[in-house]
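If you want the building blocks of each chain, they are given just below.
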Amino acid sequence: MDSAPVGSDMAAVSQATITAEIAQAACAYAAGGAAEPRTRLDYPSYRSSVLRHPTKDLHHADPEMLELSAPVFGERDVAPVEADLTIQHGGDPIGERIVVAGRVTDGEGRPVPRQLVEIWQANAAGRYIHQRDQHPAPIDPNFTGVGRALTDEEGNYRFLTIKPGPYPWRNHQNAWRPAHIHFSLFGTDFTQRLITQMYFRGDPLFELDPIFNSTVDPKVRELMVADYDHNLTQPEFATGYRWDIVLTGHVRTPFEEEQ
Amino acid sequence: MIRTPTPGQTVGPFFGYALPFEADSQLVPVGHPDAIRLHGTVFDGHGDPVSDALLEVWQLDPDGAAVRQQGSLHRDGYTFTGWGRASTDATGHYAFTTLWPGAEPGKAAFFAITVFARGLLDRLLTRAYIPGDEAALAADPLLSSLPADRRSGLVATPDLEGFRFDVHLQGDRETVFLRYPGDG
Ligand SMILES: [Fe+2]
């Protein structure tokens, strides 16, 4: 649950009010002209963002050498078994076993090889193993919901996990998050650092959720939605979802241009 | 062909059991003879501390070279990886133990910093410059593109163990957050 210090007035805000705010922001964006490919930092329907977004424009910087490189992760950091979230305890976790796989590329389509991907998520009942999660749904003793993987030489990653459930939070009255998996990614440049959430196609909670809709461009929002992929489904074992991730445009250095 | 990047989303409230790891903020052990501390507090627009933020630091080694070492997630106490991660505590305070960052010849030394928090919808990037080399700081393209009052917020303050660098997400003292070419 989002335990922001919400006053009783805020807690009383209805889903209808939030939905109307979301629709109004979408209308204004559609009529506005200028494309917004990034998530909006100032999106007051997510109440906790009100005091936590910068009010000044992000300031342009040309990357220095440091920012054109990124931390290196490897076999010393991540064991292959960490990509399987279903075998971290003595028994099988409850829920729908799923494969989540895809490819990490930069803005120019180049794969991001041998880089770290971290995920965390609620269990099938919508409950996190986190002391701040007060949602009265069962904890699964066989599921922690944390995984790590390294991309392969072509930028591919693959996790085996359990489909997370939606969960309630305290942004407004009867607020529910669409089911999602949190993803953390590194690129080849420091500037490509990304933390985002992967959603599942067709979730009925999409239009009600201020976090999902803080990415105001509908086409860009689509990039966070994983598709069912029967090619990833394993017979008698797990259904498959494909989700490709594009990091920001890697800035070419003069050295690379010469090659 | 340029592809639209996957957009960011908030790190949310529940990263605390997933992203931190043992010695995550200790790029070198606390007892290392050359250890310095980079620390500070994250504030919101009311000036209240943010107790559920996560910061990451990325830096050159003391000789000013880029670091290409794996092992951040399982530190061996000897390998300097140049990268670390620190959660803020109940008072909004974070701290890294690290080495003095070098710089390219003639350039200003800085820590590259990423900020995540519950309530922050996408990550923010900034720099914490090392004070002292006035010529290099004056010649720095980013610092010289800023008015004096905003510039000072990007320069860390020396203290007994190293440097203090506070992050103001909003308000009069709002930290300068950065956008790079190719960010979309
Ligand atoms: Fe979540």
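Computed from a predicted structure; not experimentally measured.

Caption draft 1: Examining the interface of chain B and chain A more closely. Counting from both sides, the interface comprises 66 residues of chain B and, opposite them, 69 residues of chain A. Looking at the side of chain B that touches chain A, the elements with two or more residues in it are β5 (110-117), β6 (124-129), α2 (141-144) and β10 (178-179) of chain B. Here the side of chain B that touches chain A takes 4 residues from β5(B), the largest share from any one element. Looking at the side of chain B that touches chain A, its residues break down into 33 nonpolar, 22 polar and 11 charged.

Caption draft 2: Geometry of the confidence of the model for chain B. Looking at chain B, pLDDT values average 97 and 99% of them are 70 or higher. Quick note on the complex model: pTM equals 0.95, ipTM equals 0.97.

Caption draft 3: Examining the UniProt feature "domain: Intradiol ring-cleavage dioxygenases" (unreviewed entry) in chain A more closely. On the UniProt side, "domain: Intradiol ring-cleavage dioxygenases" (unreviewed entry) is annotated at positions that read residues 100-128 of chain A here. The distance separating the terminal C-alpha atoms of residues 100-128 of chain A is 19 Å; by composition the span is 0% helix and 41% strand.

Caption draft 4: The nonpolar core, seen in detail. In terms of nonpolar packing, the biggest core is built from 105 residues, with A117(B), A128(B) and Y129(B) touching the most fellow members. Excluding anything up to four places from it in sequence, Y129(B) contacts A108(B), F110(B), L137(B), L143(B), L154(B), V155(B) and A156(B).

Caption draft 5: Expanded view of the sheet that holds β5(B). Residue and element names in this part refer to chain B. The 4 strands lie next to each other as β3-β2-β5-β6, forming an open sheet whose pairing is antiparallel. Every other strand in the sheet has two partners, leaving β3 (83-87) and β6 as the edge strands with one partner each. Along the sheet, successive strands turn relative to each other by an average axial angle of 25°, direction set aside. Both strand β2 (residues 53-58) and β5 contribute to a ladder of 6 bridges, which runs antiparallel.

Caption draft 6: A look at the pairing of β5(B). All names here are of chain B. Among the 8 residues in β5, 7 count as buried, and that is most of the element. Both β5 and β6 contribute to a ladder of 6 bridges, which runs antiparallel. Bridged to T114 within β6 is L125. If you look at the hairpin formed by β5 and β6, you'll find 6 residues sitting between the two strands, and G119 has a positive phi there, around 85°.

Caption draft 7: Up close: the environment of V167(B). Residues and elements named next belong to chain B. Within the fold, V167 resides in strand β9 (residues 167-168). Linking V167 and G40, residues 127 residues apart in sequence, is a C-alpha distance of 7.3 Å. Discounting chain neighbours no more than four positions away, the residues touching V167 are G40, V42, V115 and T175.

Caption draft 8: Seen up close, unusual backbone geometry. Phi is positive for R114(A), close to 50°, though the residue is something other than glycine. Considering the arrangement of structural elements, one finds R114(A) in the loop between β2 (97-105) and β3 (116-121).

Caption draft 9: Region of the structure containing the pairing of strand β8 (residues 180-185) of chain A. All names here are of chain A. For β8, the tally of buried residues reaches 6 of 6 residues, placing the bulk of the element in the interior. Where burial is concerned, the two faces of β8 agree: the one with H180, H182 and S184 and the one with I181, F183 and L185 are both buried. Two elements, β8 and strand β9 (residues 194-200), share 6 bridges in a ladder whose sense is antiparallel. By the bridge assignment, H180 is partnered in β9 with Y199.

Caption draft 10: Summary view of the confidence of the model for chain A. Residue and element names in this part refer to chain A. When pLDDT is averaged across chain A, the result is 93; 92% of the residues are at 70 or more. Long-range and interchain partners of residues 1-9, a stretch whose pLDDT sits below 50, account for 22 contacts in this model, where long-range means more than four residues apart. The model gives residues 253-259 a pLDDT under 50, and that stretch makes 2 contacts with residues more than four places away or in other chains.

The rules behind these values
Residues numbered from 1 in each chain as written. Chains lettered and ligands numbered in written order. Predicted model: local features only at pLDDT ≥ 70, side-chain atom pairs only at ≥ 80, totals over all residues. Contact = placed C-beta atoms within 7 Å. Helix = DSSP H or I, 4+ residues; strand = E, 2+ residues; numbered from the N terminus. Nonpolar A, V, L, I, M, F, W, Y, C, P; charged D, E, K, R; others polar. pLDDT = per-residue confidence, 0-100. UniProt positions renumbered as here; feature names shortened; annotations may be inferred. Core = buried A, V, L, I, M, F, W, Y, C linked by C-beta atoms within 7 Å. Buried ≥ 20, exposed ≤ 12 C-beta atoms within 10 Å, placed from the backbone. Pairing = 2+ DSSP bridges. Axes fitted to C-alpha atoms, helices over the stretch in contact; angles between N-to-C directions.

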